[in-house]
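Structural characterization, general
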Amino acid sequence: MKTDSEAAVLPKAGHHSADPHTADRPIAVRHTADPRGVLTGIHFMDGDHACCEGALAAGCRCAAGYPITPSTEVVERFASRVPMVGGTFIQMEDELAASITLQGMVWAGAKAFTVTSGPGFSLMMEHIGYAAMTETPCVFVDVQRGGPSTGLPTLPAQADMMQARWGSHGDYEVIALCPNSPQECFDLTIKAFNLAEEYRVPVMFMMDEVVGHMSEKVVIPPADQIEVVPRKHTHKSVEDYLPYATNGDQVPEMAHAGEGYNFHVTGLTHDERGYPNMTLAVQDKLVRRLQSKILNAVDRITMTEEEQIEGADVVVVSYGITSRVAQRAIEAARERGLHVGKLRLITAWPFPEKKFRDLAAKVKAFVVPELNLGQMVREVERAAGGQAKTFAVSHAGGGVHNPEEILKVIVEASRCQTI
Amino acid sequence: MSDDLVTDILNPVEPFLRSDRVPHIWCPGCGIGTTVNSFARALIDSNIDLGSLALVSGIGCTGRVAGYVKLDSFHTTHGRAIPFATGLKLANPKLNVVVYSGDGDLSAIGGNHLIHAARRNIDLKVICVNNLIYAMTGGQTAPTTPDHSTTSTNPYGVFEASFNLPQLVEAAGAVYVARWTTFHVRQLSRAISEAFQKKGFSFIEVISPCPTLYQRRNKMGDGLDAMKYYKEKSRVRHGAPTSEVGMTMTGEIIVGKFVDRERPDYQTMMKAQFHESLGERFVEQTEMVCS
Amino acid sequence: MAKGRVSIVVERCKACGFCVEFCPSHVLALSSAFNSKGYHPPHVVHPEKCSGCDLCGMYCPDFAIAGGKVDEAGVPVKKADAAKGAKK
């Protein structure tokens, strides 16, 4: 698979070196993974297990979970591995507990995550909002299954994509990643932890049942080739430290419980001291910063895999397992002489709006297959702003598309008139 | 801050307060501030290293305690103070973690976490200020509201049974269970000190006035009237079977230390299990600061 | 000669009356004066009776009053430095 994006070098998780947006940033000391957590070698494992290994490689030593199909294997492996690495797993009484226990772990100094699927993800929404508001760096893994409600516990879907973005109340931003292979479950889990630390934001790791349960070759590099982003810990004195003051880059420095800073954290609207403050001005400043610290960094955060975009009439936009099904349809369409490009969203949120707006000016249409009745396609359509047509290839979940269904829509899209 | 604070008589609670946030939001005659006095004295008496102390609150009137104490303090979501505190304790076992919240927060929306933390015997000190009602939201029925009292959601009187919290947490496995009222300031302070000496899940219930909602709706006078009632109707019965300490609207309040027993806490059990099963492969958790 | 003395932060007071009611020596009474929030803070009516037990301080839900022991010259007897742990 030939790629022309930075996805091609993904195994070096957390790299920013080639990124022009980092040019003005001070060059930080390179941090690499703690070798104790890195199972270097070539493995044959499923996506759930690879995700666990990615977490351990990223330096995650704490997890709280609650069993739910098809995600449980991630924490089962974590529970078995972590006592030999120096850390803790706890199975909580429900997902509400798991999703806040992990934040307690983070404020005590750990990197932590939790793992769930649709119904549990719904219960965790409250604490995704808390993490966004308190700027708690952490990772929520959602191995998506068919819904709504209990739906299809053992079968795939990609119908939590909007929930990942909008599920908790109020205005906030998250980052969401969509792996499409066990290898990416490893690589991108590290990336998820790194992004969480860099932006102090909850990162949604949006797997699906197929990616979670498929077994493939997973290459785990030596620890010194895995870059990890450390906690943005304050170096200020107790007297000078303001928990929510920012210094140019919009991401405040963090302190941990037990270090003597006597800081306060609240889910209420708060000022730079972390104190509750319900004034319009403080609300405006805080909520806008929570949004802009992510939106201003869209280009830095965005990862896509792009193929034959130049000169394409139709671009197929996909993510997760659907990108692998779509690949076959794309190739079949090219065999028929159609000019079809591929754009895989590796990050779904923040949505790379400008990228799509620019692209929409050059292509006739987007075709968006996904295992839901139309979620990311709405973002594509919105970003296209009427410059190009948008075709959904919906699927209610429970399986994957037949590539023929996608091909049919590609063919139809190729025939449409340029707007 | 008022110039009055410049005095040669130091209020022992003052060093523990975020003085720039006082006066607090609690109503005249509310007992929550009184419990904070007892808490502060317990911190002094038990010589706790304040640097290792973290305080976690949920939502509600008592949930605001976290915002007024000059400690590492976390005002979390409704009902979830205990699981947040569990995470703090697990990731850094050296922390002394106090959960300071209200009856509705801990026993209704957070009830599941309360019993499971007691079952696991996580080393947390839980101070539950029980004002017998949901106060922050305007006086709705709580799981602790006594039979026959009137609330905004039971305007014709409460007819559902209420929780006897000491019995609940004892049954679930707490190693230390006590109840006092805001009248018993010194006993409360001692109980908190004692809980700091225990390793495991400790639960201290403090019956506290809510003059604005509970007292007023039930024509029970103001905060001072509640305090006089506590003085008159409380009976100290250390070691009383918790099945006998349920609250009624106007009856006797049984106070005292009901449970004080030994049982290995979660982290001790966990370590023992890993040593036994993994032998030398067990790597004990070290400092977890990922910076 | 009084063994103790109280200090009152009138602006914090919400006039609940706990200190007046539970002072074992009946040192205090609610004053007829108002603070800026319109409450009647306590004032000392029997300074000579104060034992410095600080029960008023323990009861006060508004952190507005504290009692302490004083020596014969009226100088506070130094207690263990309560603040020592709070400032790390």
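Within chain B, the secondary structure is distributed over ten helices and eight strands. Compactness check: chain B gives a C-alpha radius of gyration of 19 Å against a globular reference of 19 Å for 291 residues, within 12% of the reference. Across its three principal directions, the C-alpha atoms of chain B cover 65 × 50 × 30 Å. Here chain B holds 291 residues, and the buried ones make up 59% of them. Counting contacts in chain B only where the partners sit at least 6 residues apart, residues at least 24 apart contribute 68% of the total.

Now for the interface of chain B and chain C. Often, the extent of an interface is quoted as the loss of accessible area upon association of its parts. The partner chain C presents 30 residues to the 36 residues of chain B that form the contact. Among the elements that line the side of chain B that touches chain C, the one with the most residues is helix α1 (residues 32-45) of chain B, at seven residues. Residue composition of the side of chain B that touches chain C, grouped by class: 19 nonpolar, eleven polar and six charged.

This brings us to the sheet that holds strand β5 (residues 176-181) of chain B. The nine strands are arranged β10(A)-β2(B)-β1(B)-β3(B)-β4(B)-β6(B)-β5(B)-β8(B)-β7(B) in an open sheet whose pairing can be described as mixed. Looking at which strands have only one partner, the edges of the open sheet turn out to be β10 (264-266) of chain A together with β7 (234-236) of chain B. The average angle at which neighbouring strand axes cross in this sheet is 20°, direction not considered. Pairing between strand β3 (residues 96-102) of chain B and strand β4 (residues 124-130) of chain B: six bridges, direction parallel. Its bridge partner lying in β4 of chain B, Val 98 of chain B is registered against Lys 125 of chain B. Relative to the sheet, helix α3 (residues 81-91) of chain B contacts β1 (53-57), β2 (72-75), β3 and β4 of chain B, its axis offset from that of β3 of chain B by approximately 175°.

A word on helix α13 (residues 403-415) of chain A. All names here are of chain A. Helix length check: α13 (13 residues) gives 19 Å between terminal C-alpha atoms against 18 Å at 1.5 Å per residue, within 8%. Among all positions of α13, only Pro 403, Ile 406, Leu 407, Val 409, Ile 410 and Ala 413 are buried. Buried residues of α13, viewed axially, fall in a sector of 165°; they line one side. What points out from α13, more than 90 degrees from its buried face, is the exposed set Glu 404 and Arg 415. Contacts from the buried residues of α13 go to β12 (314-318), α10 (321-335), β13 (340-345), β15 (365-369) and β16 (389-393).

Attention now moves to the nonpolar core. In this structure, Ile 175, Val 203, Val 367 and Ile 410 of chain A together with Val 56 and Leu 88 of chain B are the most contacted members of the largest nonpolar core, which totals 244 residues. Split by domain, this core shows at least three residues from each of two domains, domain 1 (6-225) and domain 2 (305-415) of chain A. When residues no more than four places from it in sequence are discounted, the contact partners of Val 56 of chain B are Ala 66, Phe 74, Thr 76, Ala 81, Phe 84, Ala 85, Leu 88, Val 97 and Val 99 of chain B.

The interface is formed by 47 residues belonging to chain A together with 41 residues belonging to chain B. Sorting the residues of the side of chain A that touches chain B by element identifies β2 (62-65), β3 (88-91), α3 (95-107), α4 (118-134) and β10 of chain A as the ones contributing at least two each. Counting residues per element, the side of chain A that touches chain B draws most heavily on α3 of chain A, at nine residues. In this structure, β10 of chain A lies alongside β2 of chain B, joined through three bridges in parallel fashion. Note on β2 of chain B: the bridge partner recorded for Val 265 of chain A is Phe 74 of chain B.

Moving on, we get to the confidence of the model for chain A. Looking at chain A, the pLDDT average stands at 93 and 93% of residues meet or exceed 70. Taken together, the stretch residues 1-26 of chain A has pLDDT below 50 and engages in 37 contacts with residues farther than four places along the chain or on a different chain.

All names here are of chain A. As summarised here, the arrangement of the five strands in space is β11-β13-β12-β15-β16, forming an open sheet in which the pairing is mixed. Of all strands in the sheet, those with a lone pairing partner are β11 (304-307) and β16, marking the two edges. Ignoring which end each strand starts from, the neighbouring axes of this sheet average 20° apart. Here five bridges tie β12 to β13, and the two strands are oriented parallel to one another. By the bridge assignment, Val 315 is partnered in β13 with Gly 341.

Looking now at the domain arrangement of chain A. Residue and element names in this part refer to chain A. If you check the domain split of chain A, you get domain 1 (6-225) and domain 2 (305-415). Taking only C-alpha atoms into account, the centre of domain 1 sits 26 Å from that of domain 2. Of the residues lining the interface, 23 residues belong to domain 1; the matching set on domain 2 comes to 22 residues. Elements that contribute at least two residues to the side of domain 1 that touches domain 2 include exactly β6 (152-156), α5 (161-166), β7 (175-177), β8 (202-208) and α7 (209-213). Broken down by element, the residue count for the side of domain 1 that touches domain 2 peaks at four residues, all from α5. Taken together, the residues of the side of domain 1 that touches domain 2 sort by class into 17 nonpolar, three polar and three charged.

All names here are of chain A. By the element assignment, Gly 65 lies in strand β2. When the C-alpha atoms of Gly 65 and Thr 114 are compared, they prove to be 5.4 Å apart, with 49 residues separating the residues in sequence. When residues no more than four places from it in sequence are discounted, the contact partners of Gly 65 are Val 75, Gln 91, Met 92, Ala 98, Thr 114 and Val 115.

What counts and how
- Here the residue numbers are simple positions, counted from 1 along each chain's written sequence.
- As they are written, the chains are lettered A onward and the ligands numbered 1 onward, keeping that order.
- Per-residue local features of the predicted model are confined to residues with pLDDT of at least 70, and side-chain atom pairs are confined, for both listing and counting, to 80 or more; whole-chain, interface and lining totals are unaffected and use all residues.
- Under the DSSP-based scheme used, a helix requires at least four consecutive residues in state H or I and a strand at least two consecutive residues in state E, with every element numbered from the N terminus.
- In this description the radius of gyration comes from C-alpha coordinates, and the expected globular size is given by 2.2 Å times residues to the power 0.38.
- Put plainly, a residue is buried at 20 or more neighbouring C-beta atoms within 10 Å of its own, exposed at 12 or fewer, and partly exposed in between, counting only other residues' C-beta atoms, which are placed from the backbone.
- Whether two residues are in contact depends on their C-beta atoms, placed from the backbone: they are in contact if these lie within 7 Å.
- Here the term charged refers only to Asp, Glu, Lys and Arg, the term nonpolar to Ala, Val, Leu, Ile, Met, Phe, Trp, Tyr, Cys and Pro, and the term polar to all other amino acids, Gly among them.
- Between any two strands, at least two bridges found by DSSP are needed for them to pair.
- Interaxial angles span 0 to 180 degrees and are taken between N-to-C directions of axes, which are lines fitted to C-alpha atoms, for helices over the stretch in contact.
- Take the residue count of a helix, subtract one, and multiply by 1.5 Å to get its expected span.
- For this quantity, the arc is that covered by the directions from the helix axis to the C-beta atoms.
- A set of buried residues qualifies as a nonpolar core if it consists of Ala, Val, Leu, Ile, Met, Phe, Trp, Tyr and Cys joined through C-beta atoms within 7 Å.
- Throughout the structure description, domain borders are defined by an automatic or database domain assignment.
- The predictor attaches a confidence to each residue, called pLDDT, with possible values from 0 through 100.

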